[in-house]
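Here are the chains, one letter per residue:
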Amino acid sequence: MVLAWVTICAPAVAQPPADPTTVLRCGRMLHVRTGTMERNAVLVVSNGRITASGAGAAEPAGAKVIDLSNSTCLPGLIDVHTHLLQNYSGRLGGDDPNMALTVTALGTTRRALLGAAMGREDLEAGITTVRDLGNSGWNGDVALRDAIRNGWVAGPRIVASTRALSAAGGQFGGLAPEAQRLIENEYVVISGVEEARKAVRQAFYDGADVIKVIVNTGPRVISLDEMKVIVDEAARVGRKVSAHAIGDLATRIAAEAGVASIEHAYTVPDDVLAMMARKNIFLVPTDYPAEDYLIIGGDAAMTPEQRRQAEQGARGFAEASRTRTQRAIKAGVRIAFGSDEYYQFPNSTRGQSSLHTLRAYASAGMSPLDVIRTATMNAAELLGMESRIGGLEPGKFADVIAVPGDPLADLRLLERVNFVMKDGKVVRQ
């Protein structure tokens, strides 16, 4: 009886009126699947979806017209590894002190509001869909997803994971006993296959769209049997699993279990890459140019020798990441764009700094078209949303960005988006 009363008396959410039919006149339009660039193309948008596209598309009478004749139109970008409810500071040190401060000082409610700000910055940079992979408190990412879906705040479409599944301790280092309550705010700790199965079911009850698993943190590793149960339980209800895996053992366990994607994989054996290719497991390289690591982790108080060592370490890490991506591509592994951005980047919004990852992909030898595909069609397929996003074909959501020039000639134009539309509504022009 009480539940019925709550349902009846809950305030109705006012839905905005549908936008009128809109025509985008694009100087160029990139078809990401074929790689062709069509000139003087038209996109017709109605009720949030693309209804016609191409140079021969008819413009309906009375439609609102937006002139993008000096720009190239592309699908909205998709970042499959975000942490919108985090915004760490390099001045505080590494992840552990930042995470502890975030959990204790902000809590889930304030972090959801932080996520709204970070999400808006992503959207304005042209990232119209994200997969948010944990470290969002207890269901903060689900609350943000639903707020965006209901039109309460502006932000990218969110595929949410809720708390990540992990072995003891999550991604925290050693915590004093009185501080270990922090762990349950960020992770669901599992030990054994039945706990793994229960954790997956709880995540879906909490509103998860995808399951995130921390396969390893230091010596703590989820077992193969536990991973198989997690993947099977998710597949039973048509959902996918994302695996944070670093090192030979963790990447092997993730691949053998049949996850949908492996995040990071800073070290991964060749035979595991071959297994990933056979099983169509995506690699999500969360890489950055070497100079970015120095900007975030640099300390103005470093001595010249410390600075030299830091620069050497950053260059070595970036080079190792490039080599790993090259090996993966050679093995036939498909790449999806994931920024894993969660630190404050000076003089950049969250969306702008996230797109630096695409520079790292280009430095690994990927062509501009292939880099763009990681953030459009590949990412859409990984999310199981290829029929709805990742392209500019009729029937898909009207997620459109435009850049001032040809991104196949200059990939960094993606960092200078001058028009953003999501679900047929103009976000930036």
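Residues numbered from 1 in each chain as written. Predicted model: local features only at pLDDT ≥ 70, side-chain atom pairs only at ≥ 80, totals over all residues. Heavy atoms only, no water.

Participant: Explain the state of the cysteines to me, please; I cannot follow it from the model alone.
Facilitator: Linking two cysteines covalently through their sulfur atoms gives a disulfide. All told, the structure shown has one disulfide when counted by the stated rule. The partner cysteine of C26 in its disulfide is C73, sulfur to sulfur 2.2 Å. Around the S-S axis, the bridge from C26 to C73 shows a dihedral of about -90 degrees and counts as left-handed. Of this pair, C26 sits in strand β1 (residues 22-31) while C73 sits in strand β4 (residues 64-75), and the two are 47 residues apart along the sequence. Look at C26 and you get buried, because its relative accessible area is 2%. (Disulfide = S-S within 2.5 Å. Helix = DSSP H or I, 4+ residues; strand = E, 2+ residues; numbered from the N terminus. Buried < 20%, exposed > 50% of the residue type's maximum accessible area, 1.4 Å probe, protein only.)

Participant: Is there a simple way to think about the sheet that holds strand β3 (residues 49-54) in this case?
Facilitator: The strands that make up a sheet pair up through hydrogen bonds in the backbone, lying either parallel or antiparallel. Across the sheet, seven strands lie side by side as β3-β2-β1-β4-β16-β17-β18; this open sheet has mixed pairing. Two strands in the sheet have a free side with no partner beyond their single neighbour: β3 and β18 (425-428). Strand after strand, the sheet turns through a mean of 35 degrees between neighbouring axes, direction not considered. Direction of pairing for β4 relative to strand β16 (residues 400-403): antiparallel, over a ladder of four bridges. The residue bridging P75 from the neighbouring strand is V400, located in β16. (Pairing = 2+ DSSP bridges. Axes fitted to C-alpha atoms, helices over the stretch in contact; angles between N-to-C directions.)

Participant: Please explain the packing of aromatic side chains as it appears in this structure.
Facilitator: Within the structure shown, the criterion is met by four aromatic pairs. Ring centres of Y342 and Y343 lie 5.1 Å apart, and the angle between their planes is 40 degrees; on these two criteria the pair is classed as tilted. Given a relative accessible area of 12%, Y343 falls into the buried group. Aromatic ring contacts, followed pair by pair, group Y266, Y288, Y293 and F317 into a single cluster. Sitting over the ring of W138, R163 keeps its end group 3.6 Å from the ring centre. (Phe/Tyr/Trp six-rings, centres within 6.5 Å; stacked < 30°, edge-to-face > 60°. Lys NZ or Arg CZ within 6 Å of the ring centre and 35° of its normal.)

Participant: Before we go on, may I ask you to explain unusual backbone geometry in this structure?
Facilitator: The bulk of non-glycine residues show a negative phi, and the bulk of peptide bonds are trans. Not every positive phi belongs to a glycine, and N135 is a case in point at roughly 55 degrees. Along the chain, N135 falls in the loop between β6 (127-132) and α3 (140-149). Non-glycine residue A265 carries a positive phi angle of around 45 degrees. Relative to the elements of secondary structure, A265 occurs in the loop between β14 (261-264) and α8 (270-279). Exposure remark for A265: the relative accessible area of 1% places this residue in the buried category.

Participant: Would you explain the sheet that holds strand β9 (residues 187-189) in this entry?
Facilitator: A sheet is described by the order of its strands in space; here six strands give the open sequence β9-β8-β10-β13-β14-β15, paired in parallel fashion. Strand pairing shows two members of the sheet lacking a second neighbour, β9 and β15 (282-284), which therefore form its edges. Within the sheet, the average angular offset between the axes of one strand and its neighbour, ignoring direction, is 25 degrees. Where helix α6 (residues 224-236) meets the sheet, it contacts β8 (164-166), β10 (211-214) and β13 (241-245), and its direction lies at approximately 175 degrees from that of β10. (Contact = heavy atoms within 4.5 Å.)

Participant: Honestly, the environment of I50 in this entry has me stumped. Any pointers?
Facilitator: The residue I50 is located in strand β3 in this model. Owing to a relative accessible area of 2%, I50 belongs among the buried residues under this scheme. For the pair formed by I50 and A398, sequence separation is 348 residues and the distance between their alpha carbons is 5.2 Å. Apart from residues no more than four positions distant in its own chain, I50 is found in contact with L43, V44, G391, L392, E393, P394, G395, K396, F397 and A398.

Participant: Help me understand the confidence of the model for the protein, please; the structure alone is not making it clear to me.
Facilitator: One rule of thumb: low pLDDT means the predicted coordinates there are not for detailed reading. For the protein, per-residue confidence averages 90 on the pLDDT scale, and residues scoring 70 or more make up 87% of the total. Across residues 1-16, confidence stays below pLDDT 50; counting only partners more than four residues off in sequence or on other chains, it has three contacts. (pLDDT = per-residue confidence, 0-100.)

Participant: Would you mind going over α8 with me for this structure?
Facilitator: Structurally, the α-helix is built with 3.6 residues per turn, so residues lying three or four positions apart point the same way. Of all the residues in α8, the buried ones are V272, L273, M275 and M276. The buried residues of α8 all sit within an arc of 160 degrees when viewed along its axis, so they share a single face. Exposed and oriented more than 90 degrees from the buried face of α8 are D270 and R278. Check the buried side of α8 and you find it contacts α7 (248-257), β14, β15 and α10 (304-331). (Arc of directions from axis to C-beta.)

Participant: Any chance you could explain the pairing of β14 here in plain terms?
Facilitator: Regular strands show a simple pattern: their side chains alternate between the two faces of the sheet. Examined bridge by bridge, β13 and β14 share four bridges and lie parallel to one another. In the sheet register, H244 faces β14, and the bridge partner there is E263. Crossover handedness for the path β13 to α7 to β14: right-handed. In this sheet, β15 lies alongside β14 in parallel orientation, the contact comprising three bridges. For E263, the partnering residue across the bridge sits in β15 and is V284. (Right-handed = clockwise from strand over helix to strand, strands pointing away.)

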